[in-house]
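# Secondary and tertiary structure notes
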Amino acid sequence: MTTRQHHTAPLARLTLLPLLLVATGALAAEAQYGADPQLPEPQRGLLPNMGVPEQTPWDERKPEVPEGYTITAIATDLQVPRQTLVLPNGDILVAEGKGGGNAPKVRPKDFIAGLIQSQGTTAVKSGDRLTLLRDADGDGSYEQQTVFADGLNAPYGLALVGNDLYVANQDALVRFDYQPGQTAARGAPETLTPLPAQINHHWTKALTASPDGQYLYVGIGSNSNITERGMAAEVDRAEIWQIDTASGAHRTYASGLRNPTALTFQPGTDTLWTVVNERDELGPDLVPDYLTSVQEGGFYGWPYSYWGQHVDPRVRPQDPAKVASAIAPDYSLGSHRAPLGVAFSNPAVGGEFSDGVFVSEHGSWNRADPVGYKVVFIPFENGKPAGDPVDFVSGFLASDDTTRGRPVGVSVAPNGAVIIADDLTNAVWRVTRDASAAAEAPSDMGAGSSDRTSDDTAGETEKAPTPETEPAGSGSDTNNA
């Protein structure tokens, strides 16, 4: 496969990093997984603990997957792939683009952080489009690749409800008419509702649909790390909106979520789950990013507190009443992993990966020793997270100074294929279980193996492709480095 290497001067990392380590102190990564993570005391210094590995080519290598699974690049040379959606006929839609860029630097450290972040982003121009991938003969090779729609504005979240295809641009939720098997949109999209887009410090707009297709849910990140632009800039921010598909009317479903970057419903339930990028500049081991179910009307702390009632003293004025109401998340992923994708598994994935969620960790700029840069699996028992995360796709991080890729969105197809967007390699990866491994454990393939996609398709049953069918970013901190 081909990759486009982003060549940047290594001077920034080599000259700034020693200063940052002296200023803040570098701590070894702590295991902070689960419902009760160990939280150290905050560390604050002249500059935050920063570092982003530069890109290095894959050459003949591939990401690493568990024994019994195979990973393949099914699309390369894309234009900043972010999120994916598996359609009912097995086609895959890819949202490509990067937004933001309008957030003014308000502190000297912002200029330094911007320089560090730029080392981990692709030089490829934003696609602002949807690309459709098709494996017409079902052999695992997606030989058809077409532009489904272009002229979009940093598209990110995707959802399908019946024949309505929804796309969350950075400034609006739009709708296309979708007919099964089509390879290109027929006309411009209709705007369902505008989305907050001023400043756009966190520009990504996550999206999923309720199981009954009546509502859409959009994740909207904060306009700052910790309100340094003032509370007026945070109106309608750090929230999950519930949007009526018929009227476009919206309301706040949950708040206090600093940057909810991916959303999904737990199959067979009405429970919404999200992954959230938490705040920066409290040290390399604060604050844990997290996976959580989302309570209607719930408040999750930002900006006043983190992980329940841990007060953030930087916020003025403080709000003890809001802190008292803050909900602690369900599951800590560890600090500065920058999760950008979440998808429930199904029995067809097989093995120990049959019951739980996949989370893609993009990797953050806010620690000198990089963590994340992989896709992990979190096992579930009785509908809740249970146990430490297990590496499912790794090998993106080549060393502390270099990385080959950065995973973003993750989707799970009913046939058990796991689809991963990589916005540094500009590729889409597909992980499948080997036939020999599946044959050794036929009990893994339960009746749920043909359920609908666990991501964002409501009211549809996805099928394997058949021969009859056709075929980052600037202006943000943690998740879009």
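In case you missed it, the structure is sitting above this.
Residues numbered from 1 in each chain as written. Predicted model: local features only at pLDDT ≥ 70, side-chain atom pairs only at ≥ 80, totals over all residues. Heavy atoms only, no water.

### Thoughts on the overall build of the chain
Counting secondary structure elements, the chain contains 4 helices and 31 strands. When burial is assessed residue by residue, the chain has 61% of its 481 residues classed as buried. (Helix = DSSP H or I, 4+ residues; strand = E, 2+ residues; numbered from the N terminus. Buried < 20%, exposed > 50% of the residue type's maximum accessible area, 1.4 Å probe, protein only.)

### Concerning the side chain of Arg237
Relative to the assigned elements, Arg237 resides in the loop between strand S13 (215-220) and strand S14 (239-244). The buried charged residue Arg237 lacks any salt bridge, with Glu234 as its nearest oppositely charged partner at 5.8 Å. Of note is the side chain of Arg237, whose polar atom sits 3.2 Å from the backbone oxygen of Gly221. Apart from residues no more than four positions distant in its own chain, Arg237 is found in contact with Pro196, Ala197, Gln198, Asn200, His202, Lys205, Ile220, Gly221, Ser222 and Asn223. (Lys, Arg positive; Asp, Glu negative; His and termini not counted. Salt bridge = Lys/Arg side-chain N within 4 Å of Asp/Glu carboxyl O. Polar contact = N/O pair within 3.5 Å; in protein donor to acceptor, adjacent residues only side chain to side chain. Contact = heavy atoms within 4.5 Å.)

### As for the packing of aromatic side chains
Under the defined criterion, the tally for this structure stands at 17 aromatic pairs. Taking the centre distance of 5.9 Å and the plane angle of 80° together, the rings of Tyr156 and Trp203 count as edge-to-face. Note that Tyr156 is positioned in the loop between strand S7 (144-149) and strand S8 (157-161) and Trp203 in the loop between strand S11 (190-194) and strand S12 (205-209), a separation of 47 residues in sequence. Ring geometry for Phe353 versus Phe392: centroids 4.9 Å apart, planes at 65°, classification edge-to-face. Residue Phe353 is located in the loop between strand S22 (339-344) and strand S23 (356-361), and its partner Phe392 is located in strand S26 (residues 390-393); the two are separated by 39 residues in the primary sequence. (Phe/Tyr/Trp six-rings, centres within 6.5 Å; stacked < 30°, edge-to-face > 60°.)

### Description of the sheet that holds S14
Spatially, S12-S13-S14-S15 is the arrangement adopted by the 4 strands of the open sheet, whose pairing is antiparallel. Edge strands, defined here as strands with exactly one partner in the open sheet, are S12 and strand S15 (250-255). For this sheet, the mean inter-axis angle between neighbouring strands, taken without regard to orientation, is 25°. Bridge count between S13 and S14: 6 bridges; the pairing is antiparallel. Across the sheet, residue Gly219 finds its bridge partner in S14, namely Ile240. (Pairing = 2+ DSSP bridges. Axes fitted to C-alpha atoms, helices over the stretch in contact; angles between N-to-C directions.)

### Quick look at the nonpolar core
The nonpolar side chains of a soluble globular protein tend to be buried with one another. One finds Tyr217, Ile240, Tyr253, Leu257, Leu272, Val294 and Tyr300 to be the most contacted residues of the largest nonpolar core, which totals 24 residues. Elements that contribute at least two residues to this core include exactly S15, strand S16 (260-265) and strand S17 (272-276). Excluding residues that lie within four positions of it along the chain, Leu257 makes contacts with Ile220, Ala238, Glu239, Ile240, Thr274, Val276, Tyr290, Tyr300 and Trp302. Ranked by size, the runner-up nonpolar core spans 22 residues in total, among them Ile71, Val410, Val418 and Ile420. (Core = buried A, V, L, I, M, F, W, Y, C linked by side-chain atoms within 4.5 Å.)

### Observations regarding the sheet that holds strand S3 (residues 69-75)
To summarise the sheet geometry, strands pair through backbone hydrogen bonds and adopt either a parallel or an antiparallel arrangement. What the 4 strands build is an open sheet, ordered S3-S30-S29-S28; its pairing is antiparallel. Taken across any chain shown, the strands that pair with only one partner, and hence form the sheet edges, are S3 and strand S28 (407-412). Between one strand and the next, the sheet's axes are offset by a mean angle of 25°, whatever the strand orientation. Inspection of the sheet shows S28 paired to strand S29 (residues 418-422) by 4 bridges, in the antiparallel sense. Its bridge partner lying in S29, Ser411 is registered against Ile419.

### Considering the pattern of salt bridges
Pairing between side chains of opposite charge can happen when the charged atoms of each approach one another. For the structure shown, the criterion picks out 12 salt bridges. In this structure, Arg314 and Asp312 form a salt bridge, with 2.8 Å as the shortest nitrogen-oxygen distance. Taking the relative accessible area as the measure of exposure, Asp312 reaches 0% and is therefore buried. A single network of salt bridges, built from pairs that share partners, joins Glu278, Arg279, Asp312 and Arg314.

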